[in-house]
Amino acid sequence: MKTLVSGVAAYMGNRSHRRNTRLLYSFLLVLFALVTVYSLAFHWLMELEGRQYTWITGFYWTLTVMSTLGFGDITFESDIGRLFSVVVLLSGVIFLLILMPFTLIEFFYAPWMEKQSKGRIPRSVSDDLSDHVILTSYDAIAQALIEKLDRFSRPYVVICPNDEQVLRLMDQNVRVMQGDLSDASTFERARVQHAALVTVTGDDISNANTAFSVRSRCKDVPVASLASTKSAADVIRLAGGSVVFQLGEMMGDALARRVIGGGAASHVIGQFDKLLIAETAARGTELVDRTVMELQLPQSVGVNVVGVWDRTGFNIAKPDTRIDFNSVLMLSGTAEQLAAFDEKYTHPIAEGARVIVVGAGRVGLAVAQSLSQRDVDFRIIEMDAKALAPMGEKGIVGDAADFDILQQAGIIDAESLVITSRNDEMDIYLTIFCRKLRPDLQIISRATSPGGIDRLLRAGADIVMSYASMGSNQIFNYLQQSDTLMVAEGISAFRAKLPESELGKNLIELELRAKTGCNVIALTRAGEMQTEIDPRAPIDADTELLLIGDRESEERFYERFPVAAGAKSSRLKLS
């Protein structure tokens, strides 16, 4: 009862709620006046028919007719009386069955429920929360990052300025709080002084303002931000950003690296101490149409094939994994070993090779710049002529869905097609269309939505890269700076030690690939990195394994070797 009284008092204390209550009272007053008039008319008409009833009976008849109950115990005998009954009935339907429910819901029930819902909205985090990640938006990158944080049991909170969005995310079991990002006190309520990281993934202007708000409350917390241009990145750093990622350029460079026709020069994407992880395209080299076992790369140049990109996505390499002309390999080795690989397998750029790029946004222009640096011929298609101004004769104004435009760009003889638009539906359409035109064409696409990757692969794309995954991987790797490196969509490289019960066994006896799905890419013994692994050598207490696997493989590894989760941490370097 006390809660009800306090709730009513709080409700009536709100100005808009008081106005709604006055409107409700006005409606009830009009309804009462209408019932009174109908009751008076009832008595007058009954007297015309020679009958008399009490005033209570008049109100009784009026309410039963207006509410459509119509017991029928009191009825008129004259036509004018029956016509009056019809008028009372129709007005009752309008007032009691339509206007009254609408009025109660609109001016009383809905505001009451809104008040109750807003009472659920958290406006701060718990007082004991620490070492958490603060996310300042809930976009595709944030969603992908939250999946990784949940996977590693890392606490987080999403700050949203909109009450409706907060309630919606709460219903999705997302840890969220309401707050204005331009208000520095919001970050104080999010315990920014005790946070491990603040992520800023909005537009350039809001990112700079948010970084500035964070810094006004805490000078030490790392702030990871995104930026669309170099100048914007500089401003965000001045505002307080610790690290700024230009994902457009990074995505463009990553897409260009996977283009065939430019040789097989490896590109480093991550580093564990002296061990480098790199990518290389297979087409045009002796790698094609051979299995990983047949290549004997560890014996010939010292590098290991740890995974392969193909039309099914990224797959952990096995001895019988066959490499086709569209494959992109992920390699591990030292700088010297990768240099030896490049010397043996890099071919000159194919004469007449051409790449078609669809879209001249930040990603498309970054692809074009990367191809230019490698002296790969390309044509870029874009409907906005102004965007193509820097491209000169390599730019083609038009719709990439038009066959004549594609023909002008050289679709018949092109080696690769890179699709960089932000519209997954259009990308799928272009993929299906171009796959029909050229079954042998390498098609590389960027996916924007979380479900875009699988759909583009099913449509016929050879390689699909997720903007959200790239952004979340970069932020997560910066956060971790320890024993885990996200290297691909759902793939991570990590270091671990074996539990005491497994010491003394060798890799053959452990059967890690068969039982967990993880590949061992290197060993660390007495502080020395070993990329040439002897599978028969026993694993001792000082040996640290460097492994690569997808989410399920890593979980199976830690389930089988729980003590391995306590592996020594060391800082990772990212490219």
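Our subject is the structure that appears above.
Thresholds applied
- Residues numbered from 1 in each chain as written.
- Predicted model: local features only at pLDDT ≥ 70, side-chain atom pairs only at ≥ 80, totals over all residues.
- Heavy atoms only, no water.
- Pairing = 2+ DSSP bridges.
- Helix = DSSP H or I, 4+ residues; strand = E, 2+ residues; numbered from the N terminus.
- Axes fitted to C-alpha atoms, helices over the stretch in contact; angles between N-to-C directions.
- Contact = heavy atoms within 4.5 Å.
- Buried < 20%, exposed > 50% of the residue type's maximum accessible area, 1.4 Å probe, protein only.
- Right-handed = clockwise from strand over helix to strand, strands pointing away.
- Polar contact = N/O pair within 3.5 Å; in protein donor to acceptor, adjacent residues only side chain to side chain.
- Patch = residues over 30% accessible without salt bridge, like charges linked within 9 Å, V, L, I, M, F, W, Y side chains within 5 Å.
- Areas by Shrake-Rupley, 256 points an atom, 1.4 Å probe, with all protein chains shown as cover.
- Salt bridge = Lys/Arg side-chain N within 4 Å of Asp/Glu carboxyl O.
- Expected span 1.5 Å × (residues − 1).
- Phe/Tyr/Trp six-rings, centres within 6.5 Å; stacked < 30°, edge-to-face > 60°.
- Lys NZ or Arg CZ within 6 Å of the ring centre and 35° of its normal.
- Core = buried A, V, L, I, M, F, W, Y, C linked by side-chain atoms within 4.5 Å.

**A closer look at the sheet that holds strand β5 (residues 223–226)**
Here we have six strands laid out as an open sheet, ordered β3-β2-β1-β4-β5-β6, and parallel in their pairing. Looking at the sheet topology across the chains shown, the edges are occupied by β3 (176–178) and β6 (243–245). For this sheet, the mean angle separating the axes of adjacent strands, direction not counted, is 20°. Pairing analysis gives three bridges linking strand β2 (residues 156–160) to β3, with the strands arranged parallel.

**Describing the environment of V357**
Here V357 shows up in strand β14 (residues 354–358). Along the primary structure V357 and V367 are separated by ten residues, whereas in three dimensions their C-alpha atoms are 7.6 Å apart. Discounting chain neighbours no more than four positions away, the residues touching V357 are G364, V367, L371, R379, I380, I381, V418 and T420.

**As for the pairing of strand β17 (residues 416–419)**
Residues S416 and V418 of β17 are buried on one face, and the alternating residues L417 and I419, pointing to the opposite face, are buried as well. With four bridges joining them, β14 and β17 adopt parallel strand pairing. Note that in β17 the partner of I356 across the bridge is L417. As paired elements, β17 and strand β18 (residues 442–447) share four bridges and run parallel to each other. Within β18, the position partnered with L417 by the bridge is I443. The β-α-β motif built from β17, the intervening helix α16 (residues 424–437) and the parallel element β18 has right-handed crossover chirality.

**Structural notes on the side chain of Q178**
Of note, Q178 is situated in strand β3. For Q178, a relative accessible area of 16% translates into the label buried. At a separation of 2.8 Å, a polar atom in the side chain of Q178 contacts the side chain of R123. One polar contact links the side chain of Q178 to the main-chain carbonyl oxygen of P161, over a distance of 3.2 Å.

**Focus on a nonpolar patch on the surface**
Together, L83, V86, V87 and L90 make up an exposed nonpolar region whose accessible area comes to about 360 Å². Position of L90 relative to the elements: it lies in helix α4 (residues 79–118).

**Brief notes about helix α8 (residues 204–217)**
Taking 1.5 Å as the rise per residue, α8 with 14 residues should run 20 Å; its terminal C-alpha atoms sit 21 Å apart, in good agreement. Among the residues of α8, those classed as buried are N207, A208, T210, A211, S213, V214 and R215. Its side-chain oxygen 3.1 Å from the backbone nitrogen of I205, D203 forms the N-cap of α8.

**Concerning the packing of aromatic side chains**
Counted by the stated rule, this structure contains 15 aromatic pairs. Between F557 and F561 the ring centres are 5.0 Å apart and the planes differ by 55°, which places this aromatic pair in the tilted class. In this structure, F557 and F561 share a single accessibility class: buried. Sitting above the plane of the F378 ring, K394 keeps its charged end 5.1 Å from the centroid. When the ring centre of Y467 is taken as origin, the NZ or CZ atom of R446, which lies over that ring, is 4.6 Å away.

**Focus: the nonpolar core**
Counting residues in hydrophobic clusters, the biggest one holds 68 residues, and the most contacted among them are L135 and L371. L135 has contacts with A142, L145, I146, L149, Y156, V157, V158, I159 and T199, leaving out every residue within four places of it along the chain.

**Digging into the pattern of salt bridges**
Evaluated as defined, the whole model comprises 15 salt bridges. For K394, the salt bridge identified is with D377, shortest N-O distance 3.0 Å. With a gap of 17 residues between them, K394 in the loop between β15 (377–382) and β16 (395–397) and D377 in strand β15 connect regions that are remote in the sequence. Here the salt bridges share partners, and the residues they tie into one network are R354, D377, R379 and K394.

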